[in-house]
Every structure is written in C-alpha cells, then in structure tokens.
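# Understanding the architecture of this molecule
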There are 2 protein chains.
Amino acid sequence: MISSKFLMGRGRSELTDEEKQVLEDSIAGVRSLPGRNLMVRAGERVEVSTLLLEGFICRYMDDRQGQRQLVAVHVPGDFVDLHGFPMKRLDHDVATIGPAKIATIEHRTLQSITERFPHLTRMLWFSTLLDAAMHREWIFRLGRLGAEGRIAHLFCELYTRLEMVGLAQDGRFTMAMTQPDLAEACGITGVHVNRVLRVLRERGLLTYKGGEAHIADLKGLAAIAEFEPQYLYGTRDG
Amino acid sequence: MISSKFLMGRGRSELTDEEKQVLEDSIAGVRSLPGRNLMVRAGERVEVSTLLLEGFICRYMDDRQGQRQLVAVHVPGDFVDLHGFPMKRLDHDVATIGPAKIATIEHRTLQSITERFPHLTRMLWFSTLLDAAMHREWIFRLGRLGAEGRIAHLFCELYTRLEMVGLAQDGRFTMAMTQPDLAEACGITGVHVNRVLRVLRERGLLTYKGGEAHIADLKGLAAIAEFEPQYLYGTRDG
DNA sequence: CGACATGTTGATGGGAGTCAAGGTCCGTGG
DNA sequence: CCACGGACCTTGACTCCCATCAACATGTCG
C-alpha cells in the first residue's frame, strides 16, 4: 500500500480500513525526483498535495541576501504540503534534499473527501497540525537553545520520526542532509555546524558523516537538546 | 455578533451567512480573564476551544531552567487553541498577557460542524494553518534575523494583524506586552530588548512605551524586519 | 584531470548574554 | 499619608558564543 507510512505511529490506527482505502485510491500518481529539486515556489498556486514515499524534502524561506532558513524537514510518510489544500498558495519554497519518490493527490480529490468523510478529514487536519507542533518546537529550539542544543535537537527529532516509520533503529539512520543543510535548519553557519559536530563526536554522543548518523547516547543527546518527543505524537490517547 | 472578528481580513467573506450564524450559535459562553492568567497547561486534555474577543493571549514553552519562549501571540478575532480540537492535547501552555475577554466553543459542537458543514470545516482548518504560517515566519525570524530585525518583525506583524481587525491605525496600537514579554517572543534577553528599542526609537522607526506602540516609519521598520505580510492573509485569492 | 561541492581547522571580531546598579511607577498596608 | 515591595525600565562594564574570513583537504563526477 503506497500510503502505508502515513500517520504511522501517530494515530494511523484510528483510520478505518475504508478510510485507508479511500486515501489509497486518491493517489493520482507516483514520481521520482532528483536531489536538490525545487518542487514548489513560494506564492505559486498549487492544485495537488504531495505524500513523501522515499527520501527527504525540506521547506524553506530565503532572506534578503539569499540566506536560507529551513522551516521543515519531511521524512517518508509525511504529507509535504497538505496545508496547500486549504491555503491554495504556499508562503515558502519546497525542494527535495536527496533523490525522492512522491505520490500526488489532487485537491479536487481531497475536496470530495472532505465532503464525504468527516473523520478522515479531521485526521488530515490533524496531520497538518503535527507539522504546526513541529514548527513550535523549532521556534523553541531557535529561541532558547545554543548551537549544540539545536543540532542535538534536530537529530533527536529526525531519529524519532524515522524510527516511527521503520527507517531508523539502534541509534542509526541514513539521511541526505549536508552540513550546510543542517546549518540552514538550525540558524547557524556551516562552519559552526562542523565544530559542533566535532564536539558532539568527541563527547561520544553523535557521529554524522556522509549521510550516516549514529546516535551513540540518545539520553545524553536528548538532555542537551531538552528534547521531549510527545509533540511528535499529537498525544491523542487517554 | 460575537464572532465578527474571526477571519476578518482573511477570507471571512468566503463564509456564507448561514456559516457565520452556525459559528455564532456554537458559542457556549463568554468570559473575562485577568492578566497573566494561565488558561491551559501543556499536556492537559482540552474539551473546548477559545475565541479571543478582547486583549492578548500568548502560547509558550519553558526550557529546563524555566526560561520562556513564546510560540504565538493572539489578537482579538483569533481562535487561540482551535488546533486542540483535532489534537485533544496541547504541547504548550496558554495564558493571557493583559486582561482578556474570550468566547468558548465546545469540541462536541465543533465535531458536529465537521459532520454537517464541510466548507466551514475547511475554513476552520484554514484558520489553524494561518497559525502555522505565522509559526514558520517566527522560525525565519529567529533563525535569520538579529535582535533588531526580530523586534521590528514582531511589531510589523502585530500592527498588520491588529489593523485587520480594526485595532490599529496610523501606525498606532495598544498592547499589553512588557519588554520581558517581547524578549520571550524574540529569543533575546529583556536587557537587550531595552537597548534595541532605544536604537529603533533614536532612528525614528518605532516608539513603544507603556503598552503604546507608535510605528513612525513602517517602510523602514519592515525593511529591517524583512517583513512581507502575505503570510498573514493565506493568499487564497487569484 | 579539473571543477565544484563539501568538510575541516585557525585567527579575529562583534553581537548579545550576564551581572550589577539604580530609576520609575504602582498597589498595598501600616 | 507615607513606607514598602514588586514589576518594569534603563544604563554600564565585562564576557563569550558564534559569525566571518581565510586557507586547505577531501571526494566525486563530468
């Protein structure tokens, strides 16, 4: 099932079999994209939404000098731009990081879902709110943590999210972000990312080289990051 | 009409009279709250959502040493915690800044709206996505701007939002945030906020004293802030 | 092989944090 | 009525984290 990773680990079980099938049948097509591929430019009107199947995609905004700030990183199973359905235009660019495989769903299909499946609609809404929760955590990171905490937090988040969809285990995962990419996600310079990674490596917390991450001490890394993963789950239970 | 400010300036016109009435009839009650009043604590299960009628409300997360990071500021007309309807639990605290007047809507009422009014549901969804767009802009601010830009940006955003609901004009508005509050919103210290405000005042851009803001040069302030207000409108048009 | 992105390390400087002191304003209570 | 405490605002001195500039190493792909 193409959409099998969607909401995996975060309330997917609340979807009925019928709803899962509706979602699956909504997929208009599957495509492969190369790395560093601009998918949507800010301000463009969008008519489809994208479900990420493989690879990594980021969303970002550039400042006046062209310096980039990532506002989100997406992993397989994520809807990348579902918010483009109610919004119609995006306020930011969307691009692949490494090569990626995506499924597309047309907005008119989503429209008909909202008219026939209220609960599924709420779950789609819910999934955009998970993005918002991650945004808030990023605000916290940038506002309150130093460079070490920011890097550590990003790795904790990515590890947790990848683990939910079966793409990380034993502290290890593979990802396409370069050091400059990490810098753009964390609001620091590439040079400083390099120094921080060295410190984290020397302290036995994390190694990251050539796209291979190994979190040697998740507890320690989470402590530096002040990382508490509840926000990634939406905490619907109870 | 109690909910008359909701989505004012941002697609409210897309609501039919019937939908406006449905929303109005959903209001369970109106209450006044004192300033500095904790409304919802992170992790609590919530059963109602809050529409802000008067005053200012913020959402925030505390770091390990109790340092606070605001993740959102709300002005009259905003749904403060509509995302709590699909999410059920919040990942952050919510509190008034100054005294405030709020209307509450029970989640079971919202639930019935989602089952009977798909278009109104999409507009509610849309309104939570405006929050997400503001989150993204805050990420950008914290990641790419220095202290001056951050303060300038916050004032530009608040001015624009307040103007939309008729609470700001001619560069002037009233607000309850103290300098320490601004610091918590901008990821800098209260002392530094003070210095930055002085610089902005001396440059003839902005004065802020005792809750009275006067933007003397909006163009200049927006330039420092790299502020472009489209994100506040959701840009549904065209 | 050369071009280019990425990774690494060093030297220097600046923006913002920290610590400290004092000022203003207000509400409360003796 | 005035003393007092408590927020908030203001300014100065010193410190430190991270940016900047620069040089070079490594790797990879046409």
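Keep in mind that this is a model prediction, so the values were computed, not measured. (Residues numbered from 1 in each chain as written. Chains lettered and ligands numbered in written order. Predicted model: local features only at pLDDT ≥ 70, side-chain atom pairs only at ≥ 80, totals over all residues. Heavy atoms only, no water.)

## Looking at the overall build of chain A
Helix and strand content of chain A: 8 helices and 10 strands. In summary, chain A has a C-alpha radius of gyration of 18 Å against a globular reference of 18 Å for 238 residues, a match within 12%. In terms of overall dimensions, chain A has C-alpha extents of about 55 × 45 × 30 Å along its principal axes. Relative to its full complement of 238 residues, chain A shows a buried share of 59%. A separation threshold of at least 6 residues defines the contact pool for chain A, and within that pool the share at least 24 residues apart is 72%. Surface accessibility of chain A: about 9,100 Å² in total, with carbon and sulfur atoms responsible for 48%. Placing the 30 positive and 31 negative side-chain charges of chain A at their respective mean positions leaves the two points 4 Å apart. (Helix = DSSP H or I, 4+ residues; strand = E, 2+ residues; numbered from the N terminus. Rg over C-alpha atoms; globule rule 2.2 N^0.38 Å. Buried < 20%, exposed > 50% of the residue type's maximum accessible area, 1.4 Å probe, protein only. Contact = heavy atoms within 4.5 Å. Areas by Shrake-Rupley, 256 points an atom, 1.4 Å probe, with all protein chains shown as cover. Lys, Arg positive; Asp, Glu negative; His and termini not counted. Charge placed at Lys NZ, Arg CZ, Asp CG, Glu CD.)

## Description of the interface of chain B and chain A
Contacts between the two partners involve 56 residues from chain B and, on the opposite side, 55 residues from chain A. Between chain B and chain A the total buried area reaches about 4,900 Å² when both faces are included, carbon and sulfur atoms providing 60% of it. Taken as a group, Trp125, Arg136 and Arg144 of chain B account for 18% of the area that chain B buries against chain A, more than any other trio of residues on that side. Applying the counting criterion to the chain B and chain A interface returns 4 salt bridges. Close ionic contact of Arg122 of chain B with Glu115 of chain A constitutes a salt bridge, the shortest N to O distance being 3.7 Å. Applying the counting rule to chain B against chain A returns 16 residue pairs in polar contact (both at pLDDT 80 or more). (Buried area = accessible area lost by both parts, 1.4 Å probe. Salt bridge = Lys/Arg side-chain N within 4 Å of Asp/Glu carboxyl O. Polar contact = N/O pair within 3.5 Å; in protein donor to acceptor, adjacent residues only side chain to side chain.)

## Quick word on the protein's contact with DNA strand C
Residues in contact with DNA strand C amount to 16 residues; listed here are only the nearest, Gln179 and Asn194 of chain A together with Ala147, Thr189 and Arg195 of chain B. For DNA strand C, the fraction of atoms within 4 Å of the protein that belong to sugar or phosphate moieties is 68%. Here Arg198 of chain A contributes a side-chain N or O atom positioned 3.2 Å from a phosphate oxygen of DNA strand C. A distance of 3.5 Å is found between a sugar or linking oxygen of DNA strand C and a side-chain nitrogen or oxygen belonging to His192 of chain B. Elements supplying a minimum of two residues to the surface near DNA strand C: helix 6 (179-186) and helix 7 (190-202) of chain A together with helix 7 (190-202) of chain B. A per-element tally of the surface near DNA strand C places helix 7 of chain A first, with 4 residues. Residue classes in the surface near DNA strand C are distributed as 5 nonpolar, 7 polar and 4 charged. (Near = heavy atom within 4 Å. Nonpolar A, V, L, I, M, F, W, Y, C, P; charged D, E, K, R; others polar.)

## Details of the sheet that holds strand 4 (residues 57-62) of chain B
Residue and element names in this part refer to chain B. On the basis of which strands lie adjacent, the open sheet formed by 4 strands has the order 2-6-4-5 and antiparallel pairing. Edge strands, defined here as strands with exactly one partner in the open sheet, are strand 2 (38-40) and strand 5 (68-74). Between one strand axis and the next, the sheet turns through 35 degrees on average, direction left out of account. Sheet topology note: the strand 4/strand 6 (residues 93-96) ladder contains 4 bridges and is antiparallel. (Pairing = 2+ DSSP bridges. Axes fitted to C-alpha atoms, helices over the stretch in contact; angles between N-to-C directions.)

## Section: the relation of the copies chain B and chain A
Between chain B and chain A, the superposition needs a rotation of 180 degrees and an axial shift of 0.0 Å, giving an RMSD of 0.0 Å. One copy is carried onto the other by what is essentially a two-fold rotation axis. The overlap is high: 98% of the interface residues of chain B also sit at the interface in chain A, so the same surface is used on both sides. (Least-squares fit on C-alpha atoms with pLDDT ≥ 70 in both.)

## Focus on the packing of helix 3 (residues 107-116) of chain A against helix 4 (residues 118-144) of chain A
All names here are of chain A. Where helix 3 meets helix 4, the axes come as close as 6 Å, and the angle between the chain directions of the two elements is 125 degrees. Classified by the angle their axes make, helix 3 and helix 4 are oblique. In the packing of helix 3 onto helix 4, the handedness of the crossing is left-handed. Of the residues in helix 4, those in contact with Leu110, Ile113, Thr114 and Arg116 of helix 3 are Pro118, Leu120, Thr121 and Leu124. (Parallel < 35°, antiparallel > 145°, perpendicular 65-115°, else oblique. Left-handed = near helix turned anticlockwise from the far one by under 90°.)

## As for unusual backbone geometry
Apart from glycine, the bulk of residues carry a negative phi angle, and the bulk of peptide bonds sit in the trans form. All names here are of chain A. A positive phi is found at Leu7, a non-glycine position, where the angle reads about 60 degrees. When you line up the elements, Leu7 lands in the segment before helix 1 (17-26). Although it is not a glycine, Arg36 adopts a positive phi angle of roughly 50 degrees. By the element assignment, Arg36 lies in the loop between strand 1 (27-33) and strand 2 (38-40). By relative accessible area, Arg36 is classed as exposed at 52%.

## Brief notes about the domain arrangement of chain A
All names here are of chain A. What the domain assignment reports for chain A is domain 1 (12-138) and domain 2 (145-232). In this complex, domain 1 contributes 17 residues to the contact, which on the side of domain 2 involves 19 residues. With both sides pooled, the region where domain 1 packs onto domain 2 buries about 1,600 Å², and carbon together with sulfur makes up 63% of that total. For domain 1, the biggest contributors to the area lost against domain 2 are Phe56, Met134 and Glu137; these three give 30% of the whole. On inspection of domain 1 and its partner domain 2, the count reaches 2 salt bridges. If you look at where domain 1 meets domain 2, you find 8 residue pairs in polar contact (both at pLDDT 80 or more). Where the side of domain 1 that touches domain 2 is concerned, the elements lending two or more residues are strand 5 (68-74) and helix 4. Considered class by class, the residues forming the side of domain 1 that touches domain 2 number 10 nonpolar, 3 polar and 4 charged. (Domains from an automatic or database assignment.)

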